[in-house]
Amino acid sequence: MEQFLGDSEDEDGGGIPLQRDSTARALRKGWDKAELLPPDGETQAFEAEASYDLFIKILKILAYLISFGLTLAGAVVSKGILLLMTSQLKVGRQVPFCNGKKRNLEARIEILERIVWSWAILFAFAFPEILTFFRSLRIWMFKQTHRPTLLQFFIPVFFQTCHSLGLSLLVYIILPSMDVVRGAMFTNSLSLVPALFSLLSRRRVSESDNWLILSGMDGLSMVLMIAGLSVWAISKEGTEAWVLPLAALLVSAGWWENYVERGAIFKPMRFLGKLELTHNRYQTYLFLSLWKIVVFFGGLCLSFWVSGDNPSILFSDFYDSFYRHPIRFSEVRPLISNDSLPMITGDELYEQEHEGRSSPAAVHYAIVLQVLTALLAYLSGKFACKIGIQSFSFALALSLSVPVSLFTIVTFCGFREENVCYWQDLFPGYLFWDCPKGSFVQNFLIDQHGWVWVLWILAHAWTSIHVWSPKFKRLELGEILFVEPMYSSLLVDQSLLLNRRRIELPIYSNGEEEEEEENVKAYKELRSAEDPSLLEEDNIPKIYACATMWHEIKSEMKEMLKSVFRMDEDQAARRIGRKYFAVMDPDYYELETHIFFDDAFTKKSNAVNVYVKDLVESLEDAGNQVHETEIHLAPPKKFPTPYGGRLEWTLPGGTKLFVHLKDKTLIRHKKRWSQVMYMYYLLGHRLLEREIPVSRKERLAENTFILALDGDIDFKPGAVHLLVDLMRKNKNLGAACGRIHPIGSGLMVWYQKFEYAIGHWFQKATEHVIGCVLCSPGCFSLFRGKALLDKNVMAKYTTTATEPRHYVQYDQGEDRWLCTLLLQQGYRVEYSAASDALTHCPEQFGEFFTQRRRWVPSTMANIFDLLQDYKRTIRTNPDISYPYVGYQMMLMVGSILGPGTIFLMLIGAFNAAFRIPNFDCFLWNIVPVALFIFVCFFTESDTQLMVAQILSAGYALIMVAVVVALLMQIQDDGILAPSSLFLFLVAGSFVIAGILHPLEFDCLPHGLVYYITIPSMYLLLIIYSLMNLHVVSWGTREVVEEETPDKVVAVEIKEEQKNNGLLGFLNSKSGGKKEGSFELSFAGLFKLMCCTKPVEEKYELVQIASSLTDISKRLDSMERPSGSMLGEQRRFSSAAGLRMAESPFFQTIEEETVEEFEDKDSLHSEHPKILEQVEKRNYLVNPEWIDDPDLKDGQVDFLTGQELTFWREMMDKYLLPLMKDAKKEMKDTEELIELRNKSIFFFFMVNAVFVVAIFLLQNQKETIYITWPLGSTYNMTYSGGTLIYLQENSLHLEPIGVMFVGVFAIILSIQFICMLIHRFGTFSHILASTLIDFCSRDVEVVAKDMAFEKEGLAIIRTLQKLKKGQGEGKGRKSRTTVGDVARRKTIQALEERNQELHQRPANIETAFNLAFKELAQSPDKQDKLFRGEREARVTFQQLARRRSTLVDRRTSTMGERMRGSVGERSNSEERQRQGPTFTNPIFRMEEP
């Protein structure tokens, strides 16, 4: 066991220090052994997650079984019904008939019966073609497709015409001429063209690919099919003899495209393979789907003509055939000798004819059942392919369909042969299969040539062998899984098997084939020049987790840091499996975390502020909670940078954490500029400036992802994996976002929980299904590096706001604007409901309104920007279509008319709740709205928020009364009234959505808070946002700025100007500012002062305060320990010294610094002013924050010259702080106010016209109305006791309101349907990401036993835990012993804990190696750890063997290298003794 563990530094994962043995914190003093353990919340969360994972695994097992059963049952039933239909087409067929009496009757199949079943087969065939037509129409309308060329159009039309014609010959001529057993067997002979094309397209890829054997198998399968068809054709007579092989050939032509390759040897095959029909297929199928129905109908007419009937009777007798028509049957008497019955006359021996009636319902049921079962087989099979259970639930099920069908039909025929009335409850008496006569064994082997069927099965199995070893990627698109867009309802099993794509071809747009070939050629050249492993590394996802921070509180920072530690731990487990055990994990990724800290320094000095210190303090606390033990990280490495500074940590898993400290005096601050900063640094500098070929940069950019985070986000690694899955599935995907869950406490949080829920359930799901998501929030989203680097994305994102609209669109809603840029460049943005993340949301009313004050205008501005240029966007983006733009326009109109709609709702609510006339209700509602508008115009934001909060409370009480009024209205108008139906529609959709999101069902009760705040959020919030449109400050997480004398003076002047402004004339005569002993003010508009007295000027006090501040700064400077380069021994890394020595910039600084620091003592005594200049720090060499003790005593390093040049050039171009220009600021303010006034006027006029129109129409409902057809009531009047007068009372609705409500109902219906579709996709995504240990062989590029690798990763996660005792069964339960506290050995536990703390390994990789070695050498510990888990024990043993093999391989490789180096050294010495012997002039050497 010692052999496979290794002792080298690389094997132990050394070089990743987590703790310094010399630090006092790493070793506890004897008096400081009492411990503070991290809370159990992390473990409880993971226990809940483990329960959820178990539940999902159970669902995955059920998915295996259910999809297998549905696929097999659907294929068997659809085939059985098809054979039942074709059995009724045989001319002159006699069917044993059951009439419930013990008489032998036989029914004859008449022409009407043949007509009705012929139409039934046509309808069954047409159903998937109609689905194809509507799907093509939807994609043509909602997606961008390319127009096919003539060849791309006519070649598919030719092959599909052959397929449809052959299918009609098969079902109308061939199958009716056979009994049901032969017909079922014949369906296995329909892969002749695929076998031929596979043989002609087969090419040799390498010397060891068994090309000759594979080609031989293709040829053999083709020979077997031809031989079988020949044998069966010879046994036929007349027309069927030549139609049989022709039909088989034509039917198999429908699957030609799946068996041609771009690199085929034969030129015709290569030509067909390069047609590239993917992007223009749906435009072709708009015609082809209908054309195939026409061709199939032509085959139907041909079959009637061949049988001697006039095809016109298909139309003339159409209605008669589908109604009850006569069925003639006759009684058959057995032949009996005359000796036994001497008295029977001759007439009694003849057959007696009878007449019955057909059952039209049997035809209807057969059509519906055949169509639905074929559709069920298609959907369940496709679902199985998507979620990675193809081999069992798709390939096995469809391969068994024909044998199971044969067994089932033969069983049915056997029971029917014994008793003709056996199935009379299931079939009409005259309806049954055409069963074979005589002995089944003899007929099957000799008469029916059953041995031919065995040959066909083998040939068909080889032709469709690719379905057993799929190249699977989770949640592949249907266009990649299958070649044709739909299936064949008549041959669903064969069509699915042969239509399942063999080769995962890349989907190109027009003109990209040549470019891809050039890239492949370049890659081949690169492979010959470089190590192939480097190219494989390019496909590994590189995730840069980039968080932006500003003024987050400590608890919020800790949540984000815990997420980083979880990602670090997850990546470490995958890296260990890859490094030590060669586990080819499909979810492996590389990780690097960057935190960009805005405004990180204090304003008094170059020291970091309290938020940065909170981050440093929270780092280890977050790690303690994730690793469930106390960890110690090495002090961060410190880098002075042109933008401020950088801290660098190495986390326990070995990933890096960089904290970029931004000084807003050096670099532009705020979130958008932090995003620009990390985009250009990570993508521009670290990717594009690499000295590698362009083809590699292209591949790296495609697999480089930026995980945009907020400073308070909380997520699990699985959420990131789901987003990466979406990126891998669709290369056109530019961004993907997850489900954001707001957390916090209070009524505002409850409102936001429901708002976020319905926003994600309906709005984002609808955008994902019918188009693209318009906003991928920056708090948790994944962006593709290639998409960000595209033109007009990252470069345009750096645009500085110069117009009023820019301030709203660019700076107030940067996340939505970035997504708008991606959409306009043709990239898709998606939403994954299974990728969950938690974020803190505003808990106070004012904070919430301030946040939405930014969001509302920016959302409208970005949507307006997208809609204004919708034609170009539709041309560029294939996922943006005219119907999708129309949907967004309807939403925009609804948003604009939202305030007016809520105002009208309040009028109706007042009328219904308080029985007030409509006009009085209008006045009652217009007063608070007008008051709030007035307050927003003339008061400060705090006053506006206070008034909004008061009005919101009042409206909430009114909405409670509205609930009662609404119930009363439902009682009066009935449940069929529009208001009742609309309420049920909305509430029902919310409840169903909650049920379909079981983990989020608890959001539904918060809908009550959402309901009572509708007037506040959709009326007052819109008004507040528009009235403050000119305010472009961030508004949230603001802190009080440090008060300086200049700002005090500015505040005094501002107060004076305010008093001299509006209403300032009231105290202008006093000649000065006054204060009163008693004051009363209202909203800052009026102030009543009693006992006034003049206020003395405070400018002298301001000057005194300024002097005191100056003195305080000097004292702080004197008390602060000197941080000069010569005054202390600061720790520098060796790399830092080398970079300083080589950099001309630092050489200049060093020379100047040395000159300044010479004779420092004399300067201190003789020239104190000069000393002050000498001690001045340089922000790129010795900034003040470097010596901050709260940042730990870490090494100091410096940027490379290349990176330093990058930062300077990039900052000079994009990120220098904006210079303050009073005139420009005044101009911008005026333009913003003008924009606000225009927007307010537009909104006011549109809503005013809408409200007045609806209000007047409501008052004139007696003359202008629409009669509601449902829920009418009747008044009955008796006159004289005999006559009855009935008066119908219908609801009268005003037209515009009905139209508006109808549009809203349509939008809600669309969103509900899209929610169902998206929910099914999310469910599939979850199942596809879940692997079951004993049935997980459908994953691409994974080793043969994925179960081993999955279990291996689980063992690695267990052994890499930093807490001790995992292998011994000691866990967190030992910390919280339940029972008698007096029996606890507290002191002993503390001593053991302290020793354990001192012996803890340095990092996760070292911890794993030690635990693995200890476990491998102790069978007893293996017994304890793997108790009852045999598979885990076997997996651990396989890990040990694989590790041993890898170590042996590495040892032999190192030995060969050492021997080679020794040989080269001896040869070199020999050459040196002989002197230079170069003969090539290029390498000629000159002797000294």
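Residues numbered from 1 in each chain as written. Predicted model: local features only at pLDDT ≥ 70, side-chain atom pairs only at ≥ 80, totals over all residues. Heavy atoms only, no water.

Draft legend 1. Structural view of the overall build of the protein chain. What the protein chain contains, in helices and strands, is 54 helices and 20 strands. Taking all 1488 residues of the protein chain together, 49% fall into the buried category. In the protein chain, of all internal contacts separated by at least 6 residues, the share reaching a separation of at least 24 is 80%. Working note: accessible area of the protein chain is about 73,000 Å², and carbon and sulfur atoms make up 60% of it. (Helix = DSSP H or I, 4+ residues; strand = E, 2+ residues; numbered from the N terminus. Buried < 20%, exposed > 50% of the residue type's maximum accessible area, 1.4 Å probe, protein only. Contact = heavy atoms within 4.5 Å. Areas by Shrake-Rupley, 256 points an atom, 1.4 Å probe, with all protein chains shown as cover.)

Draft legend 2. Looking closely at the environment of Arg728. Examined against the element boundaries, Arg728 turns out to sit in helix α26 (residues 717-729). Separated by 25 residues in sequence, Arg728 and Asn703 have C-alpha atoms that sit 8.5 Å apart. The residues contacting Arg728, other than those within four sequence positions of it, are Pro541, Pro586, Asp587 and Tyr588.

Draft legend 3. Layout of the packing of aromatic side chains. Inspection of every chain in the model, using the stated rule, returns 57 aromatic pairs. Aromatic pair Phe68 and Phe392: ring centres 4.8 Å apart, planes at 25 degrees, arrangement stacked. One end of the pair, Phe68, is in helix α2 (residues 41-87); the other, Phe392, is in helix α14 (residues 390-399), with 324 residues separating them in the sequence. Aromatic pair Phe849 and Tyr1024: ring centres 5.6 Å apart, planes at 50 degrees, arrangement tilted. Separated by 175 residues along the polypeptide, Phe849 in helix α32 (residues 845-868) and Tyr1024 in helix α40 (residues 1014-1027) bring together distant segments of the chain. What makes Phe849 buried here is its relative accessible area of 0%. Following the ring pairs from residue to residue traces out a cluster consisting of Tyr751, Phe754, Phe762, Phe845, Phe848, Phe849, Phe990, Tyr1010, Tyr1018 and Tyr1024. It is Arg672 that lies over the ring of Trp673; its NZ or CZ is 4.2 Å from the centre. (Phe/Tyr/Trp six-rings, centres within 6.5 Å; stacked < 30°, edge-to-face > 60°. Lys NZ or Arg CZ within 6 Å of the ring centre and 35° of its normal.)

Draft legend 4. Molecular detail of helix α24 (residues 671-688). With 18 residues, α24 should cover 26 Å at 1.5 Å per step; its first-to-last C-alpha distance of 24 Å lies within 8% of that length. Largest kink in α24: about 25 degrees, centred on Tyr680. Most of α24 sits out of view: 16 of its 18 residues are buried. (Expected span 1.5 Å × (residues − 1). Bend = angle between axes of the 7 residues up to and from the residue.)

Draft legend 5. Region of the structure containing the packing of helix α4 (residues 150-174) against helix α10 (residues 281-306). Remark: α4 packs on α10, axes separated minimally by 8 Å, with the N-to-C direction vectors making an angle of 30 degrees. Classed by the angle they form, the pair α4 and α10 counts as roughly parallel. Helix-helix and strand crossings are classified by hand; for α4 and α10 the assignment is right-handed. Its residues placed into classes, the contact of α4 with α10 shows 17 nonpolar, 9 polar and 1 charged. (Axes fitted to C-alpha atoms, helices over the stretch in contact; angles between N-to-C directions. Parallel < 35°, antiparallel > 145°, perpendicular 65-115°, else oblique. Left-handed = near helix turned anticlockwise from the far one by under 90°. Nonpolar A, V, L, I, M, F, W, Y, C, P; charged D, E, K, R; others polar.)

Draft legend 6. Structural view of the side chain of Arg114. One can find Arg114 in helix α3 (residues 111-142). Of the polar contacts made by the side chain of Arg114, one reaches the side chain of Asp309; its length is 2.7 Å. When residues no more than four places from it in sequence are discounted, the contact partners of Arg114 are Gln88, Leu89, Val91, Ile109, Phe304, Ser307 and Asp309. (Polar contact = N/O pair within 3.5 Å; in protein donor to acceptor, adjacent residues only side chain to side chain.)

Draft legend 7. Looking closely at a negative patch on the surface. A surface patch of negative charge is lined by Glu689, Glu691, Glu1209 and Asp1212. One can find Asp1212 in helix α47 (residues 1201-1215). With a relative accessible area of 55%, Asp1212 lands in the exposed category. (Patch = residues over 30% accessible without salt bridge, like charges linked within 9 Å, V, L, I, M, F, W, Y side chains within 5 Å. Salt bridge = Lys/Arg side-chain N within 4 Å of Asp/Glu carboxyl O. Lys, Arg positive; Asp, Glu negative; His and termini not counted. Charge placed at Lys NZ, Arg CZ, Asp CG, Glu CD.)

Draft legend 8. Summary view of a nonpolar patch on the surface. Residues Leu54, Ile58, Ile61, Leu62, Leu65, Ile66, Leu70, Leu376 and Phe392 make up a contiguous nonpolar surface patch of roughly 740 Å² in combined accessible area. Sorting elements by how many residues they give to the nonpolar patch places α2 first, with 7 residues. Within the secondary structure, Leu62 sits in helix α2. Judged by relative accessible area, Leu62 falls into the partly exposed class, the value being 39%.

Draft legend 9. Quick peek at the state of the cysteines. Across all of its chains, the model carries 1 disulfide by this definition. Disulfide pairing is shown between Cys413 and Cys435; the S-S distance is 2.0 Å. Judged by the sign of its S-S torsion, about -75 degrees, the cystine formed by Cys413 and Cys435 is left-handed. With Cys413 in helix α15 (residues 401-418) and Cys435 in the loop between α15 and α16 (440-447), this residue pair connects regions lying 22 residues apart in the sequence. Here Cys737 is not disulfide-linked; the sulfur of Cys819 is the nearest cysteine sulfur, at 7.6 Å. Cys737 gets classed as buried once you look at its relative accessible area, which sits at 0%. (Disulfide = S-S within 2.5 Å.)

Draft legend 10. The arrangement of unusual backbone geometry in detail. The backbone of Glu276 sits at a positive phi, close to 55 degrees, despite the residue not being glycine. Looking at where Glu276 falls in the secondary structure, it is placed in the loop between α9 (267-273) and α10. Not every positive phi belongs to a glycine, and Lys670 is a case in point at roughly 90 degrees. By secondary structure assignment, the location of Lys670 is in the loop between β9 (656-662) and α24. On the basis of relative accessibility, which here comes to 36%, the residue Lys670 falls in the partly exposed class.

Draft legend 11. Spotlight on the pattern of salt bridges. Applying the stated criterion across every chain yields a total of 35 salt bridges. The partner of Glu590 in a salt bridge is Lys542, and the shortest N-O contact between them spans 4.0 Å. Here the residue Glu590 occupies a position in strand β6 (residues 590-597), and Lys542 occupies one in strand β5 (residues 542-549), the gap between them amounting to 48 residues. For Glu698, the salt bridge goes to Lys786, with nearest N and O atoms at 3.2 Å. In this pair, Glu698 is assigned in helix α25 (residues 694-702) and Lys786 in helix α28 (residues 785-788), connecting sequence segments 88 residues apart. The exposure class of Lys786 is partly exposed, given its relative accessible area of 29%.

Draft legend 12. Region of interest: the packing of helix α36 (residues 918-938) against helix α37 (residues 941-973). Put simply, α36 and α37 touch, their axes get as near as 9 Å, and they point 165 degrees apart. Looking at the two axes, α36 sits roughly antiparallel to α37. The element α36 and its partner α37 pack so that their crossing is left-handed. Residue-level inspection shows Asn925, Pro928, Val929, Phe932, Val935 and Cys936 of α36 in contact with α37, the latter providing Thr943, Gln944, Val947, Ala948, Leu951 and Tyr955. Looking at the contact of α36 with α37 residue by residue, the classes come out as 9 nonpolar, 3 polar and no charged.

Draft legend 13. Fine view of the pairing of strand β13 (residues 780-784). With 5 of 5 residues buried, β13 lies mostly within the body of the structure. Side chains of β13 alternate between two faces, with Phe780, Leu782 and Arg784 and Ser781 and Phe783 buried alike. Note: strand β10 (residues 704-710) against β13, 5 bridges, orientation antiparallel. Residue pairing for β13: Leu709 is matched across the bridge by Phe780. (Pairing = 2+ DSSP bridges.)

Draft legend 14. Fine view of the nonpolar core. Counting residues in each nonpolar core, the largest one holds 123 residues, and the members touching the most others are Leu788, Phe849, Phe932, Trp1207 and Leu1215. Considering every element that reaches this core, the biggest residue donor is α40, with 10 residues. Each residue touching Leu1215, except ones within four places of it in the same chain, is listed here: Leu666, Ile667, Arg668, Trp673, Val676, Met677 and Met1210. Ranked by size, the runner-up nonpolar core spans 98 residues in total, among them Ile115, Leu250, Tyr259 and Leu272. (Core = buried A, V, L, I, M, F, W, Y, C linked by side-chain atoms within 4.5 Å.)

Draft legend 15. Region of interest: the sheet that holds strand β12 (residues 733-743). The sheet built from 10 strands is open, its strands ordered β7-β8-β9-β6-β5-β10-β13-β12-β14-β11 with mixed pairing. Both outer strands of the open sheet, β7 (637-641) and β11 (714-715), are each paired with one neighbouring strand and no more. The sheet contacts of helix α23 (residues 610-627) involve β5, β6, β8 (644-650) and β9, and relative to β6 the element is tilted by about 150 degrees.

Draft legend 16. Structural view of the pairing of β9. Counting buried residues along β9, 6 of its 7 residues qualify, which places the element largely inside the surrounding structure. Where β6 lies against β9, 6 bridges are found, and the strand directions are parallel. Paired with Phe597 across the two strands is Leu661, which belongs to β9. By the bridge criterion, 7 bridges tie β8 to β9 in an arrangement that is antiparallel. Counterpart to Arg646 in the pairing with β9 is His660. Linking β8 back to β9 in an antiparallel pair, the connection comprises 5 residues, with Gly654 at a positive phi of about 100 degrees.

Draft legend 17. Local environment of the environment of Lys236. Checked against the element boundaries, Lys236 lands in the loop between α7 (211-235) and α8 (239-252). Take Lys236: its relative accessible area is 15%, and that puts it in the buried class. Residues Lys236 and Met178, 58 residues apart in the sequence, show an inter-C-alpha distance of 9.8 Å.

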